Amino acid sequence: MLPHAMTVVSGSFCSQAFWDGQHHGHESPCWFCGNEVFPDFSHQAWNCPFWPDRPATPEDIAQYHLGWPSLSDSKYDHEVLLHLAAVRRALLEQRHPET
Ligand SMILES: [Zn+2]
């Protein structure tokens, strides 16, 4: 999980929407929930019903996008980073199912 967390905190997380735009030129349904939505970072990390047990959506913009700790609750900070790393890992598994 550490490589995924490092990708998240460094801002290198690529959403499905970004991937689709770069490699297919169109958006496909969300790989996780299958809904016809724009599968951007906000959907897949914070709104997708595929992740019902995710932590509450961060109010801190850096924590929302990068998983950086807000330093107000270390348990919550840890849960946010683990969640974003899990989403990133799942995205990679969809892009490269053989790995
Ligand atoms: Zn979804």
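Above this note sits the structure.
All of the points below concern the structure found in this document. Note that the structure is a prediction, hence the values are computed from the model and not measured.

For the protein, the count of helices and strands is five helices and zero strands. Over its C-alpha trace the protein gives a radius of gyration of 13 Å, about what one expects of a compact globule, namely 13 Å for 99 residues. Each of the three principal axes of the protein carries a C-alpha extent, and together these read 40 × 25 × 20 Å. Per-residue burial for the protein yields a buried fraction of 20% across its 99 residues. Once local pairs closer than 6 in sequence are excluded, the contacts in the protein between residues at least 24 apart make up 46%.

Our next topic: unusual backbone geometry. Although it is not a glycine, Leu71 sits at a positive phi angle of roughly 70 degrees. Owing to 9 C-beta atoms within 10 Å, Leu71 belongs among the exposed residues under this scheme.

Moving on, we get to the packing of helix α1 (residues 2–9) against helix α5 (residues 74–95). Taken N-terminus to C-terminus, the directions of α1 and α5 make an angle of 105 degrees; their axes are 8 Å apart at the nearest point. Classified by the angle between their axes, α1 and α5 sit roughly perpendicular to one another. For the pair α1 and α5, the contacting residues are His4, Ala5, Thr7 and Val8 in the first and Leu81, Leu84, Ala85, Arg88 and Arg89 in the second. Class assignment of the residues belonging to the contact of α1 with α5 gives a composition of five nonpolar, two polar and two charged.

On to the environment of Pro58, then. Position of Pro58 among the secondary structure elements: in the loop between α3 (41–47) and α4 (61–66). Pro58 sits in the buried class, given 22 other C-beta atoms within 10 Å. Spatially, the C-alpha atoms of Pro58 and Gly34 are 24 Å apart, while their sequence positions differ by 24 residues. Discounting chain neighbours no more than four positions away, the residues touching Pro58 are Gln63, Tyr64, Ser70 and Val80.

Bringing the environment of Thr7 into the picture now. As for its placement among the helices and strands, Thr7 is situated in helix α1. Here the alpha-carbon distance between Thr7 and Leu66, two residues 59 residues apart in the chain, equals 8.9 Å. With residues near it in sequence (within four places) discarded, Thr7 still touches Ser12, Phe13 and Arg88.

Cut-off values and rules
- Residues numbered from 1 in each chain as written.
- Predicted model: local features only at pLDDT ≥ 70, side-chain atom pairs only at ≥ 80, totals over all residues.
- Helix = DSSP H or I, 4+ residues; strand = E, 2+ residues; numbered from the N terminus.
- Rg over C-alpha atoms; globule rule 2.2 N^0.38 Å.
- Buried ≥ 20, exposed ≤ 12 C-beta atoms within 10 Å, placed from the backbone.
- Contact = placed C-beta atoms within 7 Å.
- Axes fitted to C-alpha atoms, helices over the stretch in contact; angles between N-to-C directions.
- Parallel < 35°, antiparallel > 145°, perpendicular 65-115°, else oblique.
- Nonpolar A, V, L, I, M, F, W, Y, C, P; charged D, E, K, R; others polar.

Worth remembering: the numbers are spatial, not functional.
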